[in-house]
Amino acid sequence: GPALRSGVVIGGFQLQSKLGRGGMGEVWKAWDTKAGRPVVIKLVPPELQHADEAMARVRSAFQRTHALHHEHICPVHLLDEDRRFGWYVVMGYIDGQTLSAYRAGYVARHDSFPLDQVVKLLRPVAEALDYAHRQKVIHRDVKPGNILVLDQGKDVQVIDFGLAAEIRTSVSSITQVRMEISGARPYMAPE
């Protein structure tokens, strides 16, 4: 298919820079040309693009995560299909750093990461998870890489609620490749 690169427009979103690649496929920072704001675009892996049953599960997971509205959960805006690049998910762009990176920087500056700082950062995460659980949505991959810290610790956002895990599970079932379908191994429940 056509190459993804900065400047390419996918469904009204102009790609700016590649942020990475994960279980969900390529991840790009993009500009929403209609709303005039930065967003993140995650492209659904090619192996799922024409697998009807798997895409039905992805759409269902999208509907559940799209319905989550909480101050500490990164919003998921759109699941759509581009005729050239296939299915993609649009979510809010969070200009922050992972909890791991924030902690490392804090320890470098202060020589420790005190309990009051841990509680300050994890209380909003617990509130977000509690809210999601009341909505019958489980994150499935809570780890420092899916917790973003903003404004020197004044705000925390939880990202990748369930949708990425569903895509990893679907890719695994289609390709018959064993993947971490329930989350990152060091953060998974032992059962």
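Here is a short report on the structure shown in this document.

Cut-offs applied
Residues numbered from 1 in each chain as written. Predicted model: local features only at pLDDT ≥ 70, side-chain atom pairs only at ≥ 80, totals over all residues. Heavy atoms only, no water. Helix = DSSP H or I, 4+ residues; strand = E, 2+ residues; numbered from the N terminus. Buried < 20%, exposed > 50% of the residue type's maximum accessible area, 1.4 Å probe, protein only. Contact = heavy atoms within 4.5 Å. Pairing = 2+ DSSP bridges. Phe/Tyr/Trp six-rings, centres within 6.5 Å; stacked < 30°, edge-to-face > 60°. Lys NZ or Arg CZ within 6 Å of the ring centre and 35° of its normal.

## As for the environment of valine 9
Tracing the chain through its elements places valine 9 in strand S1 (residues 9-10). By relative accessible area, which is 38% here, valine 9 ends up partly exposed. Measuring from C-alpha to C-alpha, the distance between valine 9 and alanine 30 comes to 8.8 Å, with 21 residues separating the pair along the chain. Apart from residues no more than four positions distant in its own chain, valine 9 is found in contact with Gln14, Asp82 and Arg84.

## Focus: the pairing of strand S4 (residues 37-43)
Within S4, 5 of the 7 residues are buried, leaving the element largely enclosed by the surrounding structure. Where strand S3 (residues 25-32) lies against S4, 6 bridges are found, and the strand directions are antiparallel. Looking at S4, one finds that tryptophan 28 is bridged to isoleucine 41. Linking S3 to S4, which pair antiparallel, is a turn of 4 residues; within it glycine 36 sits at a positive phi near 65°. Pairing analysis gives 5 bridges linking S4 to strand S6 (residues 86-92), with the strands arranged antiparallel. When the bridges of S6 are listed, valine 39 appears paired with glycine 92.

## Some points on the sheet that holds strand S9 (residues 155-158)
Spatial strand order, S7-S8-S9: 3 strands in an open sheet with antiparallel pairing. Edge strands, defined here as strands with exactly one partner in the open sheet, are strand S7 (97-98) and S9. Looking at chain direction, S7 and strand S8 (residues 147-150) are connected through 2 bridges and run antiparallel. Among the inter-strand pairings, glutamine 97 is bridged to a residue of S8, identified as valine 149.

## Brief notes about the pairing of S9
Sheet analysis places S8 next to S9, joined by 4 bridges and oriented antiparallel. The residue bridging leucine 148 from the neighbouring strand is glutamine 157, located in S9.

## Considerations on the packing of aromatic side chains
In this structure the tally under the stated criterion is 3 aromatic pairs. Both rings, one in tyrosine 102 and one in tyrosine 106, keep their centres 6.1 Å apart while their planes meet at 40°; by these two values the pair is tilted. Of the two residues, tyrosine 102 and tyrosine 106 are both situated in helix H2 (residues 99-110); the distance of 4 residues between them amounts to about one turn of the helix. The two residues tyrosine 102 and tyrosine 106 agree in class, both being buried. One aromatic cluster is present, formed by Tyr102, Tyr106 and Phe113 through successive ring pairs. Here lysine 29 stacks its cationic end above the ring of tyrosine 93, 4.5 Å away from the centre of that ring. Positioned above the aromatic ring of tryptophan 87, the side-chain terminus of arginine 59 is 5.4 Å from the ring centre.

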